[in-house]
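Report on the structure
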Amino acid sequence: MQILQQWTETSAFFIWLRESPSIWAYPTVFFLHTIGLIFTAGANIVISARLLGAAPALPLAPFARFFRLLWIGVWLTAISGLIMLASDLETTITNRLFPVKMTLVVCAVALMFVLRRRVFGAATPDQTSVPPSARVLAIASLVCWLGAVAAGRFMAYF
Amino acid sequence: MKAWWIVPVWKTLHYFAIAALAGIVGLVDLRIFGVAKGLPLRPLQRLMPWAVVAFAVAAASGYALLRINPANSLGPPVNVAFAGKVLFLLLIGLNDILYFATGLKRQVDGVGAGENASASAKIVAGVSLALWAGVVYWSRMLTFLAGAI
């Protein structure tokens, strides 16, 4: 932990990221984080909405194809998030809401795996009916994503 | 003195609305591009009124945030990021008007499962995605570009 902190405090990259007034430093990483999370959370919200009764005519199986792009979104958000975390390790890690947000994010991403495999991967090609267990997963996913976004917003005030 | 939680509550609502909006716009545009081709576009586009609702919520919460801290977005001096955001939102409006007025929306409604959308529909979807990404960019730059000019 201490070594990690020392590294992020002395490495040229993180000093540049923290201190450079350039719009291509911290603001750009922050933008990548925002766009990644908005797309990933947003697509997951829509996917949950479909499972909870929106656009009932849409077959379930083709949604599986969206997940490859969603994983890119997850990686983009995670990597940019890690860079921001490392550039300001102490403030973030001592924030009381940070563990709440991370728990919700981990649950949300785990639910993506489950939804991809158990719901969209298991659906027959033309299936439009949603099994009850999928509705439960959809509600859990919705709660995790919305909770993570809210925790992220509130972190700046804690 | 306002309660500390008012701003983050509005921001959270703003983000919820943007996420829902981006989710719908993103999935519809990606399907027009040919991702998840098994989805017929007519029922997918039925989600678009919900995107309008989400936009209204985003606009209302955005307006509330603007009222709470006008200097952050409006300056003076002019905030380049806010100007860029408004410009891009207007261009999105224009793009959407074109999409409906040219009959492209109805044409896309006819794209069934496994079928390709037309090249013109793909161009409109690409412009939409790029402009929305631009809106997020300008929004993120609001605080960084305040007072840049």
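Structure report, in brief. (Residues numbered from 1 in each chain as written. Chains lettered and ligands numbered in written order. Predicted model: local features only at pLDDT ≥ 70, side-chain atom pairs only at ≥ 80, totals over all residues.)

Unlike most non-glycine residues, A:A55 shows phi in positive territory, near 45 degrees. Look at A:A55 and you get partly exposed, because 18 C-beta atoms sit within 10 Å. Of note, the phi angle at B:A36 is positive, near 55 degrees, even though the residue is not glycine. Tracing the sequence through the fold places B:A36 in the loop between helix 1 (6-33) and helix 2 (41-45). (Buried ≥ 20, exposed ≤ 12 C-beta atoms within 10 Å, placed from the backbone. Helix = DSSP H or I, 4+ residues; strand = E, 2+ residues; numbered from the N terminus.)

All names here are of chain B. Relative to each other, helix 1 and helix 3 (residues 48-68) sit at 150 degrees, their axes nearing to 8 Å. One element, helix 1, and the other, helix 3, form an angle in the roughly antiparallel class. Both helix 1 and helix 3 take part in a crossing whose hand is left-handed. Facing helix 1, whose interface residues are V7, W10, K11, L13, H14, A17, I18, A20, L21, I24, V25 and V28, helix 3 presents M48, W50, A51, A54, F55, V57, A58, S61, G62, A64, L65 and I68. Looking at the contact of helix 1 with helix 3, its residues break down into 20 nonpolar, three polar and one charged. (Axes fitted to C-alpha atoms, helices over the stretch in contact; angles between N-to-C directions. Parallel < 35°, antiparallel > 145°, perpendicular 65-115°, else oblique. Left-handed = near helix turned anticlockwise from the far one by under 90°. Contact = placed C-beta atoms within 7 Å. Nonpolar A, V, L, I, M, F, W, Y, C, P; charged D, E, K, R; others polar.)

Residues and elements named next belong to chain B. With 22 residues, helix 5 (residues 80-101) should cover 32 Å at 1.5 Å per step; its first-to-last C-alpha distance of 31 Å lies within 8% of that length. Of the positions making up helix 5, those classed as buried are A81, F82, K85, F88 and Y99. Each buried residue of helix 5 sits inside an arc of 125 degrees when the element is viewed along its axis, so together they form one side. The exposed residues of helix 5 that point more than 90 degrees off its buried face are L90, G93, L94, I97 and A101. Each element contacted by the buried residues of helix 5 is listed here: helix 4 (70-74), helix 6 (104-109) and helix 7 (119-145). (Expected span 1.5 Å × (residues − 1). Arc of directions from axis to C-beta.)

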